[in-house]
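# Examining the three-dimensional arrangement
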Amino acid sequence: SAQHPGKFLALTEPWAIDHLKELGITNVHILPSYDYGSVDETRLNEPQYNWGYDPVNYNVPEGGYSTDPYDPLCRIREFKQMVQALHQAGIGVILDVVYNHTFDIDHSNFQRTYPDYYYRQTNTSVLSAGESLNPVKNYSNGSGCGKETASEKPMMRQFMIESVKYWINEYHIDGFRFDLMGCHDINTMNEIRKAVDEIDPNIF
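Rules behind the numbers
- Residues numbered from 1 in each chain as written.
- Predicted model: local features only at pLDDT ≥ 70, side-chain atom pairs only at ≥ 80, totals over all residues.
- Heavy atoms only, no water.
- Buried < 20%, exposed > 50% of the residue type's maximum accessible area, 1.4 Å probe, protein only.
- Helix = DSSP H or I, 4+ residues; strand = E, 2+ residues; numbered from the N terminus.
- Pairing = 2+ DSSP bridges.
- Phe/Tyr/Trp six-rings, centres within 6.5 Å; stacked < 30°, edge-to-face > 60°.
- Lys NZ or Arg CZ within 6 Å of the ring centre and 35° of its normal.
- Arc of directions from axis to C-beta.
- Contact = heavy atoms within 4.5 Å.
- Axes fitted to C-alpha atoms, helices over the stretch in contact; angles between N-to-C directions.
- Parallel < 35°, antiparallel > 145°, perpendicular 65-115°, else oblique.
- Left-handed = near helix turned anticlockwise from the far one by under 90°.
- Nonpolar A, V, L, I, M, F, W, Y, C, P; charged D, E, K, R; others polar.
- Salt bridge = Lys/Arg side-chain N within 4 Å of Asp/Glu carboxyl O.

## A few points about the pairing of strand 4 (residues 92–97)
The element strand 4 is extensively covered by neighbouring structure, given that six of its six residues are classed as buried. As paired elements, strand 1 (residues 27–30) and strand 4 share four bridges and run parallel to each other. Residue pairing for strand 4: V28 is matched across the bridge by V93. When strand 4 meets strand 7 (residues 175–178), the two strands line up parallel, connected through four bridges. Paired with D96 across the strands is R177, a residue of strand 7.

## Section: the packing of aromatic side chains
The tally for this structure, following the rule as stated, stands at 20 aromatic pairs. On the basis of an interplanar angle of 15 degrees and a centroid distance of 4.5 Å, the ring pair of F110 and Y118 is categorised as stacked. Here the guanidinium or amino end of K153 rests over the ring plane of Y117, the centre of that ring lying 5.1 Å away.

## A short note on helix 1 (residues 14–22)
Among the residues of helix 1, those classed as buried are A16, I17 and L20. Seen from one end, helix 1 has its buried residues packed into an arc of 100 degrees, which puts them on one side. Residues P14 and E22 are exposed on helix 1 and point more than 90 degrees away from its buried face. If you follow the buried residues of helix 1, they end up packed against strand 1 and helix 2 (72–88). Following helix 1 by one or two positions, G24 adopts a phi angle in the positive range, close to 80 degrees.

## Quick word on the packing of helix 4 (residues 154–171) against helix 5 (residues 186–199)
Remark: helix 4 packs on helix 5, axes separated minimally by 10 Å, with the N-to-C direction vectors making an angle of 30 degrees. It follows that helix 4 is roughly parallel to helix 5 by the angle criterion. Regarding helix 4 and helix 5, the two cross each other, and that crossing is right-handed. On helix 5, the residues that touch R157, M160, I161, V164, K165, I168 and N169 of helix 4 are N187, T188, E191, I192, A195, V196 and I199.

## Examining the packing of helix 2 against helix 4
It is at 11 Å that the axes of helix 2 and helix 4 come closest, and there the two elements cross at 75 degrees. Here helix 2 lies roughly perpendicular to helix 4, going by the angle between them. Taking contact as the criterion, the partners of I76, F79, K80 and V83 in helix 2 are, on helix 4, W167, E170 and Y171. Of the residues in the contact of helix 2 with helix 4, the class split is five nonpolar, no polar and two charged.

## Here we look at the environment of Q81
Relative to the helices and strands, Q81 is located in helix 2. In this structure, the C-alpha to C-alpha distance between Q81 and Y171, residues 90 residues apart in sequence, is 9.5 Å. Not counting the four nearest positions on each side in its chain, Q81 is found in contact with L9 and T12.

## Focus on the pattern of salt bridges
Oppositely charged side chains can pair when the atoms bearing their charge come close. Evaluated as defined, the whole model comprises eleven salt bridges. One salt bridge in this structure joins E46 and R43, with 2.3 Å as the shortest N-O distance. Note on E46: relative accessible area 36%, which makes it partly exposed. Overall, the relative accessible area of 34% leaves R43 in the partly exposed class. The partner of E148 in a salt bridge is R120, and the shortest N-O contact between them spans 2.4 Å. Of the two residues, E148 sits in the loop between strand 6 (133–136) and helix 4 while R120 sits in the loop between helix 3 (109–113) and strand 5 (124–127), which places them 28 residues apart along the sequence.

Written as structure tokens, this is what we have:
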């Protein structure tokens, strides 16, 4: 039986590793495992679950999957232990990444850093009472989730490149599944592929 159900460490337990090997698994695709907004890490004694497609901190492992969300080193250590255990079993780790939108806009790190820069907008105009056209700010919703990021903007593009490289270099991730990749511009995706190839062309 699992000693650490629902935690990163569950994938370090011998029974779990053995089961994956028996199935002939070569790679595991883990759902978004960075810090996301819909699970309150401070109330883990209450039933909570979300798939993780509501990003908050893209470069921080989700505390709800650690044994101690109050210890920032714990989530880092345990995520690395998970990857190491899978690697030792000859199993690669594919991380689901959701750079196309954030959990919200107003409280996001992007908005706090540079208001409205990181989000794609569709500007329209309305006729005011004085019969002059006034621009109305509307955020694009190509993701279907709202809060759509703007990968074509240089700093967002650079953020995505650096984030992917960070997960590779710091956590030894073997590949990425880009959620709603069609929301990202082709140049950014090509730049990410180029940056990854410089590290290891075998990374998915």
